Protein chains: 2
Amino acid sequence: MPKVETFNRQQVLHNATEVFHKKGYNGTSMQDLVDATSLNRSSIYNSFGSKLGIFMDVLSYYHATYKRQIGKKVVSSHNASDTLNGIFDIYINDILNDNDEKGCLILNSKSEMTNQDLTIKAFIEENQEQTLALLEDIVYNGQMEKIFNKNQTPAQYALYLFTGIQGFRMTGILNKNQDDLKNLAQTIIKVLY
Amino acid sequence: MPKVETFNRQQVLHNATEVFHKKGYNGTSMQDLVDATSLNRSSIYNSFGSKLGIFMDVLSYYHATYKRQIGKKVVSSHNASDTLNGIFDIYINDILNDNDEKGCLILNSKSEMTNQDLTIKAFIEENQEQTLALLEDIVYNGQMEKIFNKNQTPAQYALYLFTGIQGFRMTGILNKNQDDLKNLAQTIIKVLY
DNA sequence: TCTTTACTGAAATGAACGTTTCAAAAATAA
DNA sequence: TTATTTTTGAAACGTTCATTTCAGTAAAGA
């Protein structure tokens, strides 16, 4: 029987994510990935097929870590308002710990690659739809709980929150002031009350 | 006396802007620029020094066209609320006419290049400060006119609006529904009333 | 006309790009 | 131990990268 994959796939993806996140898709070379993963060039091609292949896996890996974090907040929070605040807390935390102004990998990929590669575009669209669905759900619950107003439909508020989060991430690239960010999050959420 | 520069610099910058906007900085090659500008490779180096050099000129060119548009709105509007709506109208118009999902060149550069090149980062920071100052001024006027509330300082609301605009631009990459966008703009502005 | 300077064109620079190849090493199950 | 299959390592693939070079052409003031 064959020799089995020896490297730690999660660890490799973690390291690859770091490079892509820091340098972007076009800015990252195969050599960068070889260096970051300590994997052989051939092993990368054997296991991921191509640069685009490993990048797609990296996007999924990155997305999954967020989905996990947000999922926890959703189940642990007492109401829709709590949930929203919890989600912004996650982003604030990430912004404050982003020491080299990388921003959000998915947003970066959206602006760099949406119009360059259909596979990446499809991922971004899918990610967007999932996020909007989640936000819509939260808003709907908040409106049922009479915590949020009904000036806009859940779908409309979801798009607003989605927009707010994207802007929040972009602002956070160059503004790491915690008070500013907390206040900003509150101002964004305020429309819903 | 010397022969003088013959090509139309504005036209060249316009064409170069289009390529950089479409492909990003790392995705654009010197050959792309030669093709787009119809300039000789040597002429580009003679006139702009380097790829980074022409890119910086492109950023300034792109920024200037926005500054001109926004300046017009500012002087032609009757009050702060009008001004804000006018600014969002500019972005809505650009989003609807962005047929190949390019997004905003400056935002794209922010996410792609802020952590890769100090010259570009400096430009982005300067641009950000100018925009915040403009927004702060508009908010201040709106508060003086009693159109906007004083729940937040002009600087705080400026950061909020700046964030909203960035999110707006990012959302507009994949969502070109005019009604959605108009409603979104109104929702963003609403906090100030 | 002559000198000065800049644009043009094409070729060449060396380095880096993503990807492929292949023989050797390693690991499992029979 | 042996057969099977994959991971390695290193070199090489052809292409493209940003940039330079340089001889030739063009334009304007002296």
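The paragraphs below set out a description of the structure included in this document. Residue positions are counted from 1 within each chain, in the order its sequence is given. Chain labels run from A onward and ligand labels from 1 onward, assigned in the order the entries are written. Residues qualify for local features only when their pLDDT is at least 70, as the model is predicted, and side-chain atom pairs are given and counted only at 80 or more; totals for whole chains, interfaces and linings, by contrast, use all residues. Values reported for side chains reflect all heavy atoms of the structure, with hydrogen atoms and water molecules removed beforehand.

**Observations concerning the overall build of chain A**
No. 1: In terms of regular secondary structure, chain A is built from nine helices and zero strands.
No. 2: Taken along its principal axes, the extent of the C-alpha atoms in chain A is 60 × 40 × 30 Å.
No. 3: Exposure categories follow from relative accessible area, calculated using a 1.4 Å probe and restricted to protein chains: below 20% of the type maximum is buried, above 50% is exposed, and the middle band is partly exposed. Relative to its full complement of 193 residues, chain A shows a buried share of 54%.
No. 4: Note that accessible areas follow from Shrake-Rupley with a 1.4 Å probe, and for residues the cover is restricted to the protein chains shown. Surface exposure of chain A reaches about 8900 Å², of which carbon and sulfur atoms provide 49%.
No. 5: A positive count includes Lys and Arg, and a negative count includes Asp and Glu. His and the chain ends are not counted in either. The atom standing in for a charge is NZ when the residue is Lys, CZ when it is Arg, CG when it is Asp and CD when it is Glu. Once the 19 positive and 21 negative side-chain charges of chain A are each reduced to a mean point, those two points are 2 Å apart. Only runs of H or I of at least four residues qualify as helices and only runs of E of at least two qualify as strands under DSSP, and these elements are numbered from the N terminus.

**A short note on the interface of chain A and chain B**
No. 1: Here a residue-residue contact requires only that any non-hydrogen atoms of the pair lie within 4.5 Å. On the side of chain B, 43 residues touch chain A, which itself brings 43 residues to the contact.
No. 2: Two parts placed together each lose some accessible area under a 1.4 Å probe, and adding up what both lose gives the buried area. When the two sides are added together, the surface that chain A and chain B hide from each other amounts to roughly 3500 Å², 59% of it contributed by carbon and sulfur.
No. 3: Three residues stand out in chain A for area buried against chain B, namely A:Ser111, A:Met170 and A:Leu174, and they jointly supply 17% of the buried area on that side.
No. 4: Throughout this description, the term salt bridge denotes a Lys or Arg side-chain nitrogen within 4 Å of a carboxyl oxygen of Asp or Glu. Where B:Glu101 meets A:Lys121, a salt bridge forms, and the shortest distance between an N and an O atom there is 3.0 Å.
No. 5: For this analysis, a polar contact is any N or O atom pair within 3.5 Å, provided that within protein one partner can donate a hydrogen and the other can accept it, and provided that sequence-adjacent residues contribute only side-chain to side-chain pairs. Where chain A meets chain B, there are 18 residue pairs in polar contact (both at pLDDT 80 or more).
No. 6: Elements represented by at least two residues in the side of chain A that touches chain B include exactly α1 (9-23), α6 (105-113), α7 (118-144), α8 (154-174) and α9 (178-190) of chain A.
No. 7: Under the grouping applied here, Gly and all other residues not named as nonpolar or charged are polar, the nonpolar ones being Ala, Val, Leu, Ile, Met, Phe, Trp, Tyr, Cys and Pro and the charged ones Asp, Glu, Lys and Arg. Of the residues contributing to the side of chain A that touches chain B, the split by class is 13 nonpolar, 19 polar and eleven charged.

**A closer look at the packing of aromatic side chains**
No. 1: Between 30 and 60 degrees the pair is tilted, below 30 it is stacked and above 60 it is edge-to-face, where a pair is any two Phe, Tyr or Trp rings, Trp via its six-membered ring, whose centres lie within 6.5 Å. Tallied over the entire structure, the rule returns 14 aromatic pairs over all chains.
No. 2: Between B:Phe148 and B:Tyr193, the ring centres sit 5.9 Å apart and the planes meet at 55°, which makes this aromatic pair tilted. A residue pair is termed long-range when its members are at least 10 positions apart, and B:Phe148 in the loop between α7 (118-144) and α8 (154-174) and B:Tyr193 in the segment after α9 (178-190) qualify at 45 residues.
No. 3: Taken together, the ring pairs in this structure connect A:Phe20, A:Tyr25 and A:Phe55 into an aromatic cluster.
No. 4: Criterion for a charge above a ring: Arg CZ or Lys NZ at most 6 Å from the ring centre, at most 35 degrees from the ring normal. Here the guanidinium or amino end of A:Lys51 rests over the ring plane of A:Tyr25, the centre of that ring lying 4.5 Å away.

**Here we look at the relation of the copies chain A and chain B**
No. 1: When chain A is fitted to chain B, the best match, at an RMSD of 0.0 Å, comes from turning it 180° and sliding it 0.0 Å along the axis. Each copy turns onto its partner about a two-fold axis. When C-alpha distances to the rotation axis are compared across chain A, the minimum falls at A:Gly167, with a value of 1.8 Å.
No. 2: Both copies present the same face, since 100% of the interface residues in chain A are matched by interface residues at the equivalent positions in chain B. Fitting of the copies onto one another was done by least squares over C-alpha atoms, counting residues only where both copies have pLDDT of at least 70.

**Quick word on the packing of helix α4 (residues 51-76) of chain B against helix α6 (residues 105-113) of chain B**
All names here are of chain B.
No. 1: Each axis is a line fitted through C-alpha atoms, taken for helices only over the stretch in contact, and angles between the N-to-C directions span 0 to 180 degrees. Contact geometry of α4 with α6 gives a least axis separation of 10 Å together with a crossing angle of 140°. With respect to their mutual orientation, α4 and α6 come out oblique. Taken together, the residues of α6 that come into contact with α4 (itself represented by Phe55, Val58, Leu59, Tyr62 and His63) are Leu105, Ile106 and Ser109.
No. 2: Grouping the constituent residues of the contact of α4 with α6 by class yields six nonpolar, two polar and no charged. The scheme is simple: roughly parallel for angles under 35 degrees, roughly antiparallel for over 145, roughly perpendicular for 65 to 115, oblique for anything else.

**Comments concerning the pattern of salt bridges**
No. 1: Under the definition given, this model contains twelve salt bridges over all chains.
No. 2: Across the pair B:Lys102 and B:Asp98 runs a salt bridge, and its minimum N-O distance is 3.1 Å. When sorted by exposure, B:Lys102 lands in the same class as B:Asp98, which is buried.
No. 3: Salt bridges linked by common partners bring A:Asp98, A:Asp100, A:Lys102 and A:Lys176 together as one network.

**Some details on the packing of helix α2 (residues 30-37) of chain A against helix α3 (residues 41-48) of chain A**
Residues and elements named next belong to chain A.
No. 1: Running from N to C, α2 and α3 cross one another at 95°; their axes reach a closest spacing of 9 Å. Here α3 runs roughly perpendicular to α2, going by the angle between their axes. Of α3, the residues touching α2 (which contributes Met30, Gln31, Leu33, Val34 and Thr37) are Arg41, Ile44 and Tyr45.
No. 2: Grouping the amino acids of the contact of α2 with α3 by side-chain chemistry returns five nonpolar, two polar and one charged.

**Here's the deal with the side chain of A:Thr163**
No. 1: With respect to the helices and strands, A:Thr163 occurs in helix α8.
No. 2: The buried category is assigned to A:Thr163, whose relative accessible area is 1%.
No. 3: Excluding residues within four positions of it along the chain, A:Thr163 makes contact with B:Gly164, B:Gly167, B:Phe168, B:Thr171, B:Leu184 and B:Ile188.

**Comments concerning the environment of A:Leu184**
No. 1: One can find A:Leu184 in helix α9.
No. 2: A relative accessible area of 2% places A:Leu184 in the buried class.
No. 3: In this structure A:Leu184 touches A:Phe168, A:Thr171, B:Leu159, B:Tyr160 and B:Thr163, once residues within four positions along its chain are discounted.

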